[in-house]
Structure formats: C-alpha cells, structure tokens
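Structure at a glance
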Amino acid sequence: MFRYLTAGESHGPALVGILDGLPAHLPIDVAAINISLRERQGGYGRGKRMQIESDEVEFLAGLRGSRTLGSPIAVIIRNRDFANNRALMDPLTGSGAPLGTPRPGHADYAGALKYRQVDLRNVLERASARETAMRVALGAICAQFLGALGIRTSSYVTSIGEVEFPPAEAVDASAIAASSVRCPDRSASHAMEGAIDRASAAGDTLGGSFAVHVDGLPVGIGSNRQPDTRLDGILAGALMGIQTVKAVEVGAGTSVSSRAGSQSHDTFSYKGQVVARGSNRAGGIEGGISNGQSIILRAFVKPIPTLRKPLQSVNLHEGEAAPAAVIRSDVCVVPAASIVGEAMVRLAIVGPVLEKYGGDSVEETVENFQRSALAANALFSAHGKEV
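Residues numbered from 1 in each chain as written. Predicted model: local features only at pLDDT ≥ 70, side-chain atom pairs only at ≥ 80, totals over all residues. Heavy atoms only, no water.

1. Describing the sheet that holds strand E8 (residues 163-164)
- What the 5 strands build is an open sheet, ordered E8-E7-E9-E15-E10; its pairing is antiparallel. Looking along the sheet, the strands with just one partner apiece sit at the ends: E8 and strand E10 (245-250).
- Relative to strand E15 (residues 295-301), strand E9 (residues 208-215) runs antiparallel, the two sharing 7 bridges. The partner of Phe 210 across the bridge, within E15, is Ala 299.
- Packed on one face of the sheet, helix H8 (residues 186-201) meets strand E7 (152-160) and E8 and runs near 55° to E7. (Pairing = 2+ DSSP bridges. Helix = DSSP H or I, 4+ residues; strand = E, 2+ residues; numbered from the N terminus. Contact = heavy atoms within 4.5 Å. Axes fitted to C-alpha atoms, helices over the stretch in contact; angles between N-to-C directions.)

Here it is as structure tokens:
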C-alpha cells in the first residue's frame, strides 16, 4: 500500500516527510526535487518569508547510492526562519504571548475549539501552507517514479482575480516557465501582475485558479467498483486537501451542467487502426477510470485570509471586537498553489498506478506496465484495430 505523511510547524525546526510503498531500484535525482521546491517559492505576489527560506531536501532513510531500497523514504526540509523564532517555537521550551484573534477563513477558530487550544498559534503553525513544501518534495519523488512509466504532469495558472486564461488541451511549457505568474499567455500574465499590484496597494489579497494535466496515463487506472476507488474522486480529494482550494473541476467541469448531452461527451471513431476521440470534455476520466486521454483538472483557490488591512474579528481572551491577527504572508499564492496542486496529483496517482501494476522493484513495475499495454492492445486485435 502506498502512503505518505508529513509533519512540522511553519516556524518550527523543520518539515519532515515519509513515503512508504515506492518500489526498489528507482534512481532519485535530488537536484530535480530542489528545482520543484524553488518553483513553489516563486511567483508574483509572494511575501518576505520566501526571501528567508531556501528550501532543499535531505534524505534520511530509504535510499542507498541514490536509489530507493523499497523501504520507507524519510526526508527533511529545514526551516531557516526557526532561528528567528526559536524562543517562540522550540519544541521543548517554546513559549510566548498567546494569540487570541482568529482570522476569518483560516483554521484558527475552529482548530482552537477542536483541540482546546487557548493560544491560536498552536493551531495556525500546522495549518500554515508552509507545510506544502514537504508535499512538493514528496510529489517530486513520485514524479520520478511516474516518469519511469512515461507518465508526466504539468500545471499552470488559469486565472487570478478577474483575469482569466481558460484551460487548453496543450500549453507551451517554456511559456509557463517564463511567466512570473505561471500563465502561458503573455497578455494574461501582464494583466494578472497588474491585478496583484492593485490588491497589494489596497492591503488586500487575491485568489484564482490553476490547471493540472497528466499525460501518458494509460487506460484503466482507477475503478468504478467502489466509490472510493474512482480516479476522479481520488484526484479531486487530493486537490481539495490543499489549504486554499475551494472547488475542483474535471475536464469541462461545471460547464456541462448547462449543456445538452450531445455537447457534453466525447465521441468515438477510428483514425486508421486506432480508436480516437472527438474531444476531451471528460478530462481523461470516464466512469471513474482513466480512458487514455490527458487528465485535465482545474482547482479554484480562495484569497488567503491574512490581510495587511485585517478583517473584523474578536479577541477571544478579552471577549470583545478586534481586528484579525496579522501574520506575515503573501498577496497571491495561486502560482505557488499550481506547483502544490501538481505535487498532490502526483502523490494521488501513484497509489492507483501501483494497485494496477504492482512490483517490488521498479523493473518489475515497468515489466507489468508493458505487459498490460500489450494485452490491452490485443483485446480487439481480431478486427485489426488497436485501443
């Protein structure tokens, strides 16, 4: 069974992660993982915390000679800002004046009541999106496993505030990398930067949306046998697990609710000897199962709840009205969220892929993958056609 865990507080000593279930003999490129971590730290509208941290992953277990052993992989990312917050956040001796004014839209209030915490810092430190750095690191490890099977992921920003660039079947990776907001359209990128600047000047924040694509995923990942094995449910749940995400679409998403059936589905035909589809409105998933087309997902991100001009709140310690707590943060996290979203999709896909193909070593997984593809193509070979 594939699984992962993360641990760590935003201003604590470090973030820790464990991946359990990856097969043995997978070569690991540490530099590629660190590139993903740097991408998460970038993006127009990020705050000063990203100028303090310089995230790099360290491996503690599960590797030897830069190859997986098949045992649990343990990694750590150290928080440089811990040195500035040791008195407050030391795991054994940390203390400080308690925070009592919850931020609307954050975990502060609900978490305080759930865990019976008088100091809201004991909630917000773990609820912080700083934790997603570890998810990105673990997702980057998963990308290397998926890459051995020819499965690739990509992500890009589709809107910030009211500026929108609709999801496309294919986008230019170099254009995404060249954009400060990770949007492949130059005109939309400039407009998004302007929207972020205006929000910053007003002491406000902005949300938006991003798309994640998965290419090379074969037919048959996921299942329609039980609700919790449906691939669309697994992927949507993974994206909803990101702190700022409020909604997820698969393929054409909510737009099909206002269309006729004839304009909502993807027709079949033969293109030479191969089955072809007339469109990809389903986003690569039908009946909870991958259908061989690109998986196309879109996640919608709320504006972060920490504003320089704070929202109205209450002081729980004094029992009176007060402005919400102001914690150092960003104006817009949508570009960074696209990197986190891609990592979450990678983490979510590995389990169903291993369930389908198995393997205690990456060589065995690849062999099973190749045999399965040959068997699928032979299924209707009596007609001289391929699936």
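2. A few points about the packing of aromatic side chains
- Inspection of every chain in the model, using the stated rule, returns 2 aromatic pairs.
- Aromatic pair Tyr 156 and Phe 165: ring centres 6.4 Å apart, planes at 70°, arrangement edge-to-face.
- Using a relative accessible area of 0% as the deciding quantity, one classes Tyr 156 as buried.
- Using a relative accessible area of 17% as the deciding quantity, one classes Phe 165 as buried.
- Across the ring face of Phe 268, the terminal group of Arg 277 is positioned such that the distance to the ring centre comes to 3.7 Å. (Phe/Tyr/Trp six-rings, centres within 6.5 Å; stacked < 30°, edge-to-face > 60°. Buried < 20%, exposed > 50% of the residue type's maximum accessible area, 1.4 Å probe, protein only. Lys NZ or Arg CZ within 6 Å of the ring centre and 35° of its normal.)

3. Regarding the state of the cysteines
- Within this structure, the stated rule accounts for 0 disulfides.
- Free of any disulfide, Cys 183 has its nearest neighbouring cysteine sulfur in Cys 332, separated by 12 Å. (Disulfide = S-S within 2.5 Å.)

4. A look at the side chain of Ser 338
- Turning to its location among the elements, Ser 338 is positioned in helix H10 (residues 334-357).
- Taking the relative accessible area as the measure of exposure, Ser 338 reaches 0% and is therefore buried.
- Within the structure, Ser 338 has its side chain in polar contact with the side chain of Arg 182 (distance 2.7 Å).
- Excluding residues within four positions of it along the chain, Ser 338 makes contact with Ser 155, Tyr 156, Val 157, Arg 182 and Phe 210. (Polar contact = N/O pair within 3.5 Å; in protein donor to acceptor, adjacent residues only side chain to side chain.)

5. Quick look at the pairing of E7
- Most of E7 is tucked away: 7 of the 9 residues are buried.
- Here 8 bridges tie E7 to E9, and the two strands are oriented antiparallel to one another. Paired with Ser 155 across the two strands is Val 212, which belongs to E9.
- Looking at chain direction, E7 and E8 are connected through 2 bridges and run antiparallel.

6. Brief notes about the pairing of E15
- Buried residues dominate E15, accounting for 6 of its 7 residues.
- In terms of strand pairing, E10 meets E15 through 5 bridges, oriented antiparallel. Among the inter-strand pairings, Ala 247 is bridged to a residue of E15, identified as Phe 300.

7. Some words on unusual backbone geometry
- Here the phi dihedral of Arg 116 falls at roughly 55°; this positive angle occurs in a residue that is not glycine.
- Looking at the secondary structure, you find Arg 116 in the loop between helix H4 (108-115) and helix H5 (121-127).
- For Arg 182, which is not glycine, the phi torsion reads 60° and is therefore positive.
- Relative to the helices and strands, Arg 182 resides in the loop between helix H7 (173-178) and H8.

8. Here's the deal with the side chain of Arg 135
- For Arg 135, the position within the fold is in helix H6 (residues 132-148).
- Its relative accessible area of 8% is what places Arg 135 among the buried residues.
- Polar contacts involving the side chain of Arg 135 include one to the main-chain carbonyl oxygen of Gly 241, which spans 3.0 Å.
- Aside from chain neighbours lying at most four places away, what touches Arg 135 is Thr 6, Gly 241, Ile 242, Gln 243, Ala 343, Met 344 and Leu 347.

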